[in-house]
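Results of the structural survey
The primary structure of each chain is shown beneath.
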Amino acid sequence: MVPLDDSKENCTGCGACAAYCPHLTMCMDEEGFRYPRVDMAGCSECGRCQHLCPMVTGDGTVLKHHAWVAGEISGQSSYPQVYAAWNKNELIRGESSSGGVFTLLAQGILQRGGVVVGAGFGPRLQLCHMAVDTADDLKLLRGSKYLQSDMVDIIGGIKSFLDRGREVLFSGTPCQVAGLNSSVGGAHELLLTCDLVCHGVPSDRLFRNYIQEQEAAHGAAALGISFRDKKSGWKRYSVTIKFANGAVYEKSSDEDGFMRLFLSDLSLRPSCYVCPFSTIPRQGDITLGDYWGVAAAHPGIDDDGGVTLVLLNSVQGLEAFETLADLMTVYPSDIRKGVAGNPCIIRPVSMSPGRRRFMQDLGDLSMAELCAQYLLPPSWGERGTARMKRFLSRARNLLYS
Ligand SMILES: Cc1cc2nc3c(=O)[nH]c(=O)nc-3n(C[C@H](O)[C@H](O)[C@H](O)COP(=O)(O)OP(=O)(O)OC[C@H]3O[C@@H](n4cnc5c(N)ncnc54)[C@H](O)[C@@H]3O)c2cc1C
């Protein structure tokens, strides 16, 4: 466990410490993020929680973000190898957030008798990491859920799968992959890790307020949510919620309150704004993301069905990807093109200046009031903001290239 006295930004909430120590429990703070709490009566100060924390370096200091500079790795390493790819199975591609490459990797592991671990919803839309070993159950993991998944309970399970000689594919945010890697003691020949390009995780409290309002408006419990419904296309995705009484809510992401407050960088976990894992080298054997900007990087290939940006970061990742070649449409790409449309690969997002006040208002204001107070109207605000963000991102990329 990283020392939290100075700043909460030091803890990513991966739960590696709490998975090991019975005297540590992950507890939700007032902003809606989980942090470890120590039962001092039971703590023997063995130091193992610090040793397991991926945010603590070998010399005991807190890990900081190091900028990746284009060209820095050339000559030293042939990784990452970069591709634009999508699943040839259009049904699965349609159910996936980008091109459905995750499901192909997962099917590959299942065919060899392995287990796939990823984020899925439990009862009452609580998100946690779970293990599945049938192709049908992969639907539980498919698709991005814009929440922080709880993985404390699965870490021990992964270790016992590995101890029993079973292959495991683990997929999660970069900090979760870092937490798992430190829990299993580094690279393991039976473990294939897949980290996502990650914008950051939003407050669970914001999400609970949102769901409560939705349930009140629709008069029934929410049974399931898709944050990336592609009915109107990959780039104009919408949020869909299904309710117990058969009602369905559907709104495009630039009109839905929760998505707008998530994407505006007001509601992310403090550690996300300084994430040391948003860089190259990446944490996983494979990195998957949306290939935003594919139309400019590879003109003519984007059919708006979803394209996955794939970074192969190790021999294990490369081998796993190569065995799936027949099942995918694949175009070789390069890291500069990938980063141009998706700067989160190499640097964390910036904290929105209103975040502190926003978090104070979270308990008092409705979603509509929060949006009115902290965001510009969707009709012109988001477009203007997006244009401004694109401009700033291009300017930054020019500086970095
Ligand atoms: C919180 C979050 C932020 C993201 N931000 C970006 C971004 O800024 N830019 C970008 O290019 N891509 C981002 N992604 C990744 C992207 O949305 C897709 O997950 C990725 O392109 C893989 O898509 P796919 O079609 O291959 O597979 P999919 O089937 O869509 O991917 C599913 C995989 O994602 C995992 N997953 C879903 N939700 C979570 C979660 N909350 N925590 C951990 N793992 C989860 C599942 O376990 C499963 O393995 C983000 C994903 C998440 C979860």
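Residues numbered from 1 in each chain as written. Predicted model: local features only at pLDDT ≥ 70, side-chain atom pairs only at ≥ 80, totals over all residues. Heavy atoms only, no water.

With respect to helix α10 (residues 315–322)
Residues spaced three or four apart along an α-helix face the same direction, because each turn holds 3.6 residues. By the burial criterion, the buried members of α10 are Gly317, Leu318, Ala320 and Phe321. What you see down the axis of α10 is that its buried residues fit within an arc of 165°, all on one side. Where α10 is buried, its residues touch β3 (81–87), α4 (101–111), β7 (191–196), β11 (286–290), β12 (308–312) and β13 (328–332). (Buried < 20%, exposed > 50% of the residue type's maximum accessible area, 1.4 Å probe, protein only. Helix = DSSP H or I, 4+ residues; strand = E, 2+ residues; numbered from the N terminus. Arc of directions from axis to C-beta. Contact = heavy atoms within 4.5 Å.)

Examining the sheet that holds β11
Pairing within the open sheet is mixed, and its 8 strands lie in the order β5-β4-β6-β7-β11-β12-β3-β13. The outermost strands of the open sheet, each flanked by one partner alone, are β5 (127–132) and β13. Along the sheet, successive strands turn relative to each other by an average axial angle of 25°, direction set aside. Sheet topology places strand β4 (residues 115–121) next to strand β6 (residues 168–172); 3 bridges connect them, and they run parallel. Each residue of the ladder has a partner; that of Val117, found in β6, is Phe170. Its contacts with the sheet put helix α6 (residues 174–184) on β5, β6 and β7, and the angle it makes with β7 is roughly 155°. (Pairing = 2+ DSSP bridges. Axes fitted to C-alpha atoms, helices over the stretch in contact; angles between N-to-C directions.)

Looking at the pairing of β4
In terms of burial, β4 is largely enclosed, as 6 of its 7 residues are buried. When β4 meets β5, the two strands line up antiparallel, connected through 6 bridges. In the strand pairing of β5, Phe121 is matched with Leu127. Connecting β4 to the antiparallel partner β5 that follows it, the hairpin turn spans 5 residues, and Arg124 within it adopts a positive phi of roughly 55°.

What to know about the site of the ligand
In the neighbourhood of the ligand, 34 residues make up the surrounding shell, with Ser98, Ala119, Ser144, Ser171 and Asn342 lying closest. Val197 has a polar backbone atom sitting 2.9 Å from a nitrogen atom of the ligand. Surface burial for the ligand is 98%, taken as the share of its 900 Å² of free accessible area covered by protein chains. Among the elements of the structure, α4, β4, β5, β6 and β11 are those that each provide at least two residues to the shell around the ligand. Counting residues per element, the shell around the ligand draws most heavily on β11, at 3 residues. Looking at the shell around the ligand residue by residue, the class counts come to 12 nonpolar, 18 polar and 4 charged. (Near = heavy atom within 4 Å. Polar contact = N/O pair within 3.5 Å; in protein donor to acceptor, adjacent residues only side chain to side chain. Areas by Shrake-Rupley, 256 points an atom, 1.4 Å probe, with all protein chains shown as cover. Nonpolar A, V, L, I, M, F, W, Y, C, P; charged D, E, K, R; others polar.)

A word on the environment of Val82
Tracing the chain through its elements places Val82 in strand β3. In this structure Val82 comes out as buried when scored by relative accessible area, which is 5%. As for Val82 and Ser333, which are separated by 251 residues in sequence, their C-alpha atoms are 5.2 Å apart. Dropping the residues within four chain positions of it, Val82 is found in contact with Leu309, Val310, Leu311, Pro332, Ser333, Asp334 and Ile335.

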